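# Overview (structure and organization)
Listed below are the residues making up each chain.
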Amino acid sequence: KQHKIMHVKVLESQVNSGGKDASKQQDMKTTKQIRILENRLDHALVRFNEALAVNKQLREEIDHLRRERVVFDNINSKLAKELHEKKKEMALIIEQSNIAYEARDQAHSEMALLKAQADK
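The numbers attached to residues start from 1 for each chain and follow its sequence in the written order. Given that the model is predicted, a residue must reach a pLDDT of at least 70 before its local features are reported, and side-chain atom pairs must reach 80 or more before they are shown or counted; all residues, however, enter totals for whole chains, interfaces and linings. Excluded from the side-chain calculations are hydrogens and water; all other atoms, namely the structure's heavy atoms, are used.

Another point: the overall build of the protein chain. Helix and strand labels come from DSSP, where a helix needs a run of H or I of at least four residues and a strand needs a run of E of at least two; each type is numbered from the N terminus. Across its full length, the protein chain carries two helices and zero strands. Every one of the 120 residues in the protein chain was classed for burial, and the buried ones make up 1%. The accessible surface values rely on the Shrake-Rupley method and a 1.4 Å probe; as for residues, cover is taken only from the protein chains in view. Counting every atom, the protein chain has about 11800 Å² of accessible surface; 58% of that belongs to carbon and sulfur. Between buried and exposed lies partly exposed: a residue is buried under 20% and exposed over 50% of the maximum accessible area for its type, with that area taken using a 1.4 Å probe on protein chains only.

What follows concerns the pattern of salt bridges. The term salt bridge refers to a side-chain nitrogen of Lys or Arg lying within 4 Å of a carboxyl oxygen of Asp or Glu. Within the structure shown, the criterion is met by one salt bridge. Ionic pairing is found between R104 and D105, a salt bridge with its closest N-O pair at 3.6 Å.

Our focus in this paragraph is a nonpolar patch on the surface. A patch consists of residues exposed above 30% relative accessible area that lack any salt bridge, with like charges linked at up to 9 Å and nonpolar side chains (Val, Leu, Ile, Met, Phe, Trp, Tyr) linked at up to 5 Å. A cluster of nonpolar side chains, L41, L45, F48 and L52, forms an exposed patch at the surface whose accessible area comes to about 380 Å². The exposure class of F48 is partly exposed, given its relative accessible area of 48%.

In structure tokens:
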């Protein structure tokens, strides 16, 4: 009699827990879930590594462009200085030219005056 009661309790326990293969099914579900999560992790790691590679490439390009900018800034500075010097030189030449034109005009005036006096 007690053996039957124990057997009934075991059967009830199996029914309540999902049957004979409940633990096996739970293990399979867990294993499948682990596989799915590992697959997602692998894909995420691949995308992460690709992003790192792209970032490295972009950093290298940025560094190259910064070095290039330093070179161009130096060239620009030298050209600006040279332009400033040429403008100063040009202003000086214009000043000298104006003085020479004034001297020429004055010389023409004096020649005309002397010629007028000589004609009298």
